[in-house]
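Now for the letters of each chain:
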Amino acid sequence: MCGINGIFAYHYAANPIDREELARSRDDMASRGPDGKGQWTSDDERVGFGHRRLSIIDLSEAASQPMISSDGKLVVTFNGEIYNYRELRKELEAKGRTFQSNSDTEILLYLYAEKGDAMVHDLRGMFAFAIWDAEKRKVFLARDPYGIKPLYYADDGWTFRFASQVKSLLAGGKVSRDPEPAGQVGFYLWGSVPEPFTSYRAIRAVPAGSTVVVDRIGAHEPKRYHSIAAAYREAEDQNSRAPRSIDGQAQIREALLDSVKHHLVADVPVGAFLSAGIDSGALVGLMRDAGQSDIQTVTLSFEEFKGRAEDEALLAAVVARTYGTRHTTRVVTEREFQADLPDILEAMDQPSIDGINTWFVSKAAKELGLKVAVSGLGGDELFGGYPSFREIPVWAARMAMPSRIPFLGRAIRKALFASGLDRRFNSPKAAGFVEYAGTYSGAYLLRRGLFMPWELEEVLDPETVHSGLRRLKPLMMVETELTPRPKSSFAKVAALEASLYMRNQLLRDTDWASMAHGLEVRVPLVDAVLLRSTASQRMSDPERGSKMSLALAPRTPLPETITKRSKTGFTTPIGDWLKRGGGEIKYRSVSSLSDTGCHWSRRWAYGVASAPVAHA
């Protein structure tokens, strides 16, 4: 796990690259790679790559980056892990390729030499990388299927720049800081900035599961090679032609164990985040089944949660005893939160209403000496653990006809919002129910939205709202993630949750919050190979692929105290802390931020977006 960056002066009249800019951008990511740094510049000074290293696989200097192929024609800078690199290495060696290291990085060079841009189809892992092809005079960038690892770029028509962090592109000093209205609006709508937008007009994200080619004419449009919706649709089509398998639970266990085994590949110890939920507990059990005898687990505890359902500590300890781990419960206090808040906002890269829990559990893991930890993130998206899997299909079915009546929904929404009656429903979203709930895209906006479109002018100026909504097209953005459109309601919601909430919020927050502590977080339940296996099982039988399938997957299943526990999520008492003072966080007295009918996350969102350090 690392930080990568680069500059390519592709236009014939562009100035040579600035080595100091390249170094500034690279070193802004020092926390991502505390174990080393490297920089490479072409002889003609038209292209340069930078790298900050967190050593996980092959700890020797032979694995340092940027890495150059033996013939000098290819250069790579890489962030992430390729879990099937050993299998790929054997295949490449059979074709006559020789290797100078035992790293997964070197695999990328020779796989590209063999297959070119199509190499991405062979990779299993989390990755963001750039390869310089000297013969073709092009930079090839790629990002993993789910978008676990971030990758951002800026193209001013002369020079192309990329980095693992938005703020690192800005740190170079030559990228415009003009705000992006779509990013601002998107943050208030969703609680995170939806890709490919960022907070800045000049900077875009390489979309998840996509590649970008940059040559003498500049950056080409991203080319998608993986779609979550397509994976579900393909499973549905295959199921209609193939007979149902006999032992679906055994196949799910096999697929889960296979993913866990791949995610344990490392030359350093791999620990685990452990909550009181099914996802992390089952993974710890599967880690034991995969042969890891010594497992360090860590759980967060808060004084405010003691004796309440949100307290993870007691039941997490039960799971730890079940699987015989070395377990640590780390207590986080309000004082520590207030002390860490400026650093949290600085590390955030783009504004987000989440990530605080990952910040502190990553901090705790680092204190224990871990460089790698497994997380249960992705289990709810894969196995249907959210209320949205029940609610959205019901809403869309019941409101399909009323939402089609011209102007009815809009008229109801305007009347309720203008009169303030929507607040009496204890939810500002109630005003838009008839207008939006009749489609999956509209129902998803209602379910996952933070502020509703008609509320935005309470937190942003009207011009920004108008421009941002026009550029973002939120309902169209949601609908795009259902292309090709799955048939089942489960697959539709699963595709939306994984492609929007998980990608733009959970995965991104996990990345910045863990890398701020130099910790690599691995997510075995966020894996394209596992997705295909579980989708096939779920589409053949709705009872398969449930959270109980995950709970029963370890050889020693999770105890009933875990499986029968009501879902609470991996939370922090930040709402309570904010009421007693927010440090860098400031608030504004507007109706949408009042306590009445309002979750604390709205006030937190406004504070995060307004904090000066978040925009440094």
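It should be noted that the structure appears before, not after, this text.
Residues numbered from 1 in each chain as written. Predicted model: local features only at pLDDT ≥ 70, side-chain atom pairs only at ≥ 80, totals over all residues. Heavy atoms only, no water.

Caption draft 1: Structural view of the overall build of the chain. Within the chain, the regular secondary structure consists of 25 helices and 18 strands. Since a compact globule built from 616 residues should have a radius of gyration of about 25 Å, the 24 Å found for the chain is in line with a globular shape. Counting across all 616 residues of the chain, residues that qualify as buried make up 61%. For the chain, contacts bridging at least 24 residues in sequence account for 72% of all contacts bridging at least 6. Total accessible area computed for the chain in this model is approximately 23800 Å², and 51% of it derives from carbon and sulfur atoms. One way to put it: in the chain the 79 positive side-chain charges average out to a point 4 Å from where the 77 negative ones average out. (Helix = DSSP H or I, 4+ residues; strand = E, 2+ residues; numbered from the N terminus. Rg over C-alpha atoms; globule rule 2.2 N^0.38 Å. Buried < 20%, exposed > 50% of the residue type's maximum accessible area, 1.4 Å probe, protein only. Contact = heavy atoms within 4.5 Å. Areas by Shrake-Rupley, 256 points an atom, 1.4 Å probe, with all protein chains shown as cover. Lys, Arg positive; Asp, Glu negative; His and termini not counted. Charge placed at Lys NZ, Arg CZ, Asp CG, Glu CD.)

Caption draft 2: Representation of the sheet that holds strand β16 (residues 326-332). A sheet is described by the order of its strands in space; here five strands give the open sequence β16-β15-β14-β17-β18, paired in parallel fashion. The sheet is open, and its two borders are formed by β16 and β18 (520-522), each paired with just one other strand. The mean angle between the axes of side-by-side strands here comes to 30 degrees, regardless of whether they run parallel or antiparallel. Pairing of strand β14 (residues 270-273) with strand β15 (residues 296-302), which is carried by two bridges, proceeds in the parallel orientation. (Pairing = 2+ DSSP bridges. Axes fitted to C-alpha atoms, helices over the stretch in contact; angles between N-to-C directions.)

Caption draft 3: Quick peek at the pattern of salt bridges. In the structure shown here, the tally under the stated rule is 43 salt bridges. Between D35 and K371 there is a salt bridge; the shortest N-O distance is 2.7 Å. Taken together, the residues D35 in the loop between α1 (19-27) and β2 (36-41) and K371 in the loop between α11 (356-367) and β17 (372-374) connect sequence positions 336 residues apart. Linking K138 and D117 is a salt bridge whose minimum nitrogen-to-oxygen distance equals 3.0 Å. (Salt bridge = Lys/Arg side-chain N within 4 Å of Asp/Glu carboxyl O.)

Caption draft 4: The arrangement of helix α25 (residues 600-610) in detail. For α25, a buried count of nine out of eleven residues is recorded, marking the element as mostly surrounded by other parts of the structure. Looking at α25, one finds that the buried residues are S601, R602, R603, W604, A605, Y606, G607, V608 and A609.

Caption draft 5: Expanded view of the sheet that holds strand β1 (residues 2-8). As summarised here, the arrangement of the six strands in space is β2-β3-β1-β9-β8-β10, forming an open sheet in which the pairing is antiparallel. Edge positions in the open sheet fall to β2 and β10 (203-205), since each of these has one partner strand only. Strand after strand, the sheet turns through a mean of 15 degrees between neighbouring axes, direction not considered.

Caption draft 6: Layout of the packing of helix α2 (residues 85-94) against helix α3 (residues 105-115). Contact pair α2 / α3: the axes reach a minimum separation of 10 Å and the direction vectors enclose 50 degrees. When the axis of α2 is compared with that of α3, the two are oblique. In the crossing of α2 with α3, the sense of the turn from one axis to the other is left-handed. Seen from α2, the contacting residues are Y85, L88, R89 and L92; seen from α3, they are I107, Y110, L111 and E114. When grouped by side-chain class, the residues that make up the contact of α2 with α3 number six nonpolar, no polar and two charged. (Parallel < 35°, antiparallel > 145°, perpendicular 65-115°, else oblique. Left-handed = near helix turned anticlockwise from the far one by under 90°. Nonpolar A, V, L, I, M, F, W, Y, C, P; charged D, E, K, R; others polar.)

Caption draft 7: Representation of the pairing of strand β11 (residues 210-215). Within β11, six of the six residues are buried, which leaves it mostly tucked inside the rest of the structure. Because side chains alternate across β11, one face comprises the buried residues S210, V212 and V214, and the other comprises T211, V213 and D215, equally buried. Across four bridges, strand β7 (residues 138-143) lies against β11 in antiparallel orientation. Bridge assignment links L141 to a residue of β11, and that residue is V212. Sheet topology places β11 next to strand β13 (residues 223-224); two bridges connect them, and they run antiparallel. What sits directly across from S210, in β13, is R224.

Caption draft 8: Representation of the packing of aromatic side chains within the structure. The final tally for this structure, using the stated rule, is 22 aromatic pairs. Between Y112 and F140, the aromatic rings sit 5.8 Å apart at their centres with planes inclined by 35 degrees, giving tilted as the arrangement. With Y112 in helix α3 and F140 in strand β7, this pair connects stretches of sequence that are 28 residues apart. Looking at Y112, the relative accessible area reads 4%, which means it is buried. Judged by centre distance (5.5 Å) and plane angle (80 degrees), the rings of Y188 and F451 are edge-to-face. Residue Y188 is located in helix α5 (residues 181-190), and its partner F451 is located in the loop between α17 (440-448) and α18 (462-472); the two are separated by 263 residues in the primary sequence. Exposure class is identical for Y188 and F451. Each is buried. (Phe/Tyr/Trp six-rings, centres within 6.5 Å; stacked < 30°, edge-to-face > 60°.)

Caption draft 9: Representation of the pairing of β7 in the model. The buried count for β7 comes to six of six residues, which makes it a mostly enclosed element. Burial of the side chains of β7 extends over both faces: K138, F140 and A142 are buried on one face and V139, L141 and R143 on the other. Bridge count for strand β6 (residues 125-133) against β7 is six bridges, and the pairing is antiparallel. In the sheet register, A130 faces β7, and the bridge partner there is L141.

Caption draft 10: Region of the structure containing the side chain of S42. Looking at where S42 falls in the secondary structure, it is placed in the loop between β2 and β3 (47-53). A relative accessible area of 8% places S42 in the buried class. At 3.2 Å, the side chain of S42 forms a polar contact with the backbone nitrogen of R46. (Polar contact = N/O pair within 3.5 Å; in protein donor to acceptor, adjacent residues only side chain to side chain.)

Caption draft 11: Region of interest: the side chain of D279. Locating D279 in the fold gives a position in helix α8 (residues 278-289). Relative accessible area serves as the criterion here: at 12%, D279 is assigned to the buried category. Each residue touching D279, except ones within four places of it in the same chain, is listed here: G376, G379, D380, L525, K547 and L550.

Caption draft 12: Region of interest: the environment of L264. By the secondary structure assignment, L264 is in the loop between α7 (248-263) and β14. The class for L264 is buried, based on a relative accessible area of 16%. Between the alpha carbons of L264 and N5 there is a distance of 27 Å; along the sequence they are 259 residues apart. Here L264 is in contact with V270, M287, A290, Q292, V374 and R522, once residues within four sequence places are set aside.

Caption draft 13: Quick look at the nonpolar core. Among the nonpolar cores identified, the biggest contains 158 residues, and M119, F129 and Y232 are the most heavily contacted of them. At 15 residues, the largest contribution of residues to this core is made by helix α20 (residues 489-515). W40, V139, Y153 and V206 belong to the second largest nonpolar core, which has 19 residues in total. (Core = buried A, V, L, I, M, F, W, Y, C linked by side-chain atoms within 4.5 Å.)

Caption draft 14: Structural view of the packing of helix α6 (residues 228-241) against α20. The N-to-C vectors of α6 and α20 enclose an angle of 160 degrees; their axes lie 9 Å apart at closest approach. Viewed along their axes, α6 and α20 adopt a mutual orientation that is roughly antiparallel. For the element pair α6 and α20, the recorded crossing hand is right-handed. The residues of α20 that touch α6, namely those facing I228, A229, Y232 and E236, are F490, A491, A494, A495, A498, S499 and R503. Among the residues forming the contact of α6 with α20, the class breakdown is eight nonpolar, one polar and two charged.

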